[in-house]
Amino acid sequence: MSDILPDTSQGTPAYVSDYLSKLTALLAAIDTTQVAATVELLLDCWQNNRRLVFCGNGGSGSTSTHMVCDFQKNIWLDGGKPFEVVSLTDSPALLLAWGNDTDFTNVFAGQARTWLRKDDVLIAISGSGNSQNVLEAVKVAKEVGATTVGLCGYGGGKLAGVSDIALVADLRNMQLVEDVHMVLCHVLFSALRDRIKGLLAA
Ligand SMILES: O=C(CO)[C@@H](O)[C@H](O)[C@H](O)[C@H](O)COP(=O)(O)O
C-alpha cells in the first residue's frame, strides 16, 4: 500500500456513515409533490420568457451562483431558447453598495426590484430560513407579483411561511441542509432539462 494513502482496512468510519444516513433521511423526507410543482413552475417560466432569480447567503449564495451556470448555459447548449437566469449574489460591488449605502438587509431586495417582474420566479435559499435579506427579497417578489420558492432548513423558519412553495430540509445542521438544497437544485434542473429536451424533440 502507498505511504500516503490512508489505511481503509477498518471499513467506513462512523462519522461518514452517520453523515450519509442523515443526508439520505433528509432527502427521503422532502415533499416530492412540491418538487414536481416547482418543475412545472420553472417550465412555465421558461416557456413564457419569464426570469428565474436566485438569492442566498454564504453556502446558499454559492448554490445560487452555481444554478445560474446550470439553468442558463445548459438549456441554451441543449438548443432551447435563452432562459434569463440571474443570481443576486454575483456582483460584490453591488452587494457592498446596497449594504453600505442603505442596510445589509437590502442587499438582495434592492436588486430584486430591478430584476423581478410579474410572474417571474424567485428561488430564495436560506438554511436557517430566517435571514432578513432573503426575506426582504421575497417581500419584493410578492409586491411585483412574482412566484417564490423557498429552499429552507431548520424547520423552515420564516421563509417557509412566506414562500408560495417551500422545500424544507428539516434539521438544525447547516452543512446537511445546504447539501440537500444543492441536490434539490440539481433535481429541479435535471427534470426541467429533460422536459425541455422532450419538447424540442417533439
Ligand atoms: O455554514 C455556512 C456554509 O456551510 C455558512 O456559509 C452559511 O451559509 C452562512 O452562515 C449563511 O450566512 C447562513 O445564512 P442562511 O442560509 O441561514 O440564510
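Just so it is clear, the structure is predicted and the values come from calculations on it, not from any experiment.

I'm lost on the packing of aromatic side chains in this one. Help?
Aromatic ring pairs are described here by two measures, namely the spacing of the ring centres and the angle between the planes. All chains considered together, the criterion is met by 3 aromatic pairs. Between Phe54 and Phe71 the ring centres are 5.8 Å apart and the planes differ by 45°, which places this aromatic pair in the tilted class. With Phe54 in strand β1 (residues 52-56) and Phe71 in helix α3 (residues 58-77), this residue pair connects regions lying 17 residues apart in the sequence. Judged on exposure class, the residue Phe54 and its partner Phe71 are both buried. Given a relative accessible area of 1%, Phe71 falls into the buried group. We note Lys81 situated over the ring of Trp46; from NZ or CZ to the ring centre the distance is 5.3 Å.

What am I meant to see in the sheet that holds strand β5 (residues 165-169) here?
The strands making up a sheet are joined through hydrogen bonds of the backbone, oriented either antiparallel or parallel. Taken together, 5 strands build an open sheet; the order of strands is β2-β1-β3-β4-β5 and the sheet is parallel. The sheet terminates laterally at β2 (85-87) and β5, the two strands that pair on one side only. Neighbouring strand axes in the sheet, compared pairwise and without regard to direction, differ in orientation by 15° on average. Docked against the sheet, helix α2 (residues 32-47) engages β1, β3 (121-126), β4 (147-153) and β5, running at close to 135° with respect to β5.

Is there a simple way to explain the nonpolar core in this structure?
Soluble, globular proteins show a tendency: their nonpolar side chains are buried together. In terms of nonpolar packing, the biggest core is built from 35 residues, with Leu52, Phe71, Phe83 and Ile123 touching the most fellow members. For this core, the secondary-structure elements that each account for two or more residues are α1 (14-28), α2, β1, α3, β3, β4, β5 and α8 (174-201). For this core, the element with the highest residue contribution is α8, accounting for 9 residues. Once residues lying within four places of it in the same chain are set aside, the contact partners of Phe83 are Leu42, Cys45, Trp46, Arg50, Leu52, Phe71, Gln72, Ile75 and Leu192. If you look at the next biggest cluster of nonpolar residues, it comprises 20 residues, including Val53, Cys55, Leu88 and Leu135.

What am I meant to see in the pairing of β5 here?
Moving residue by residue along a regular strand, the side chains alternate between the two faces of the sheet. Side-chain alternation along β5 places Ile165, Leu167 and Ala169 on a buried face and Ala166 and Val168 on a face that remains uncovered. Examined bridge by bridge, β4 and β5 share 5 bridges and lie parallel to one another. Each bridged residue has a counterpart across the sheet, and for Val149 the counterpart in β5 is Ile165. Handedness of the β4-helix α7 (residues 157-162)-β5 crossover: right-handed.

I'm lost on the UniProt feature "domain: SIS" (unreviewed entry) in the protein chain in this one. Help?
Feature annotation in UniProt places "domain: SIS" (unreviewed entry) on residues 38-198, given in this structure's numbering. For residues 38-198, the helix share is 57%, the strand share is 16%, and the end-to-end C-alpha distance is 18 Å.

Where do I start with the packing of α3 against α8 in this structure?
The axes of two packed helices give the description: the angle between them and the distance between them. Contact geometry of α3 with α8 gives a least axis separation of 11 Å together with a crossing angle of 10°. When the interaxial angle is binned, α3 and α8 end up roughly parallel. Only Glu178, Met182, Cys185, His186, Leu188, Phe189, Leu192, Arg193 and Ile196 of α8 make contact with α3, whose side of the interface consists of Gly59, Ser60, Thr63, His66, Met67, Asp70, Phe71, Asn74 and Ile75. Partitioning the contact of α3 with α8 into residue classes produces 9 nonpolar, 6 polar and 3 charged.

Conventions used here
Residues numbered from 1 in each chain as written. Predicted model: local features only at pLDDT ≥ 70, side-chain atom pairs only at ≥ 80, totals over all residues. Heavy atoms only, no water. Phe/Tyr/Trp six-rings, centres within 6.5 Å; stacked < 30°, edge-to-face > 60°. Helix = DSSP H or I, 4+ residues; strand = E, 2+ residues; numbered from the N terminus. Buried < 20%, exposed > 50% of the residue type's maximum accessible area, 1.4 Å probe, protein only. Lys NZ or Arg CZ within 6 Å of the ring centre and 35° of its normal. Pairing = 2+ DSSP bridges. Axes fitted to C-alpha atoms, helices over the stretch in contact; angles between N-to-C directions. Contact = heavy atoms within 4.5 Å. Core = buried A, V, L, I, M, F, W, Y, C linked by side-chain atoms within 4.5 Å. Right-handed = clockwise from strand over helix to strand, strands pointing away. UniProt positions renumbered as here; feature names shortened; annotations may be inferred. Parallel < 35°, antiparallel > 145°, perpendicular 65-115°, else oblique. Nonpolar A, V, L, I, M, F, W, Y, C, P; charged D, E, K, R; others polar.

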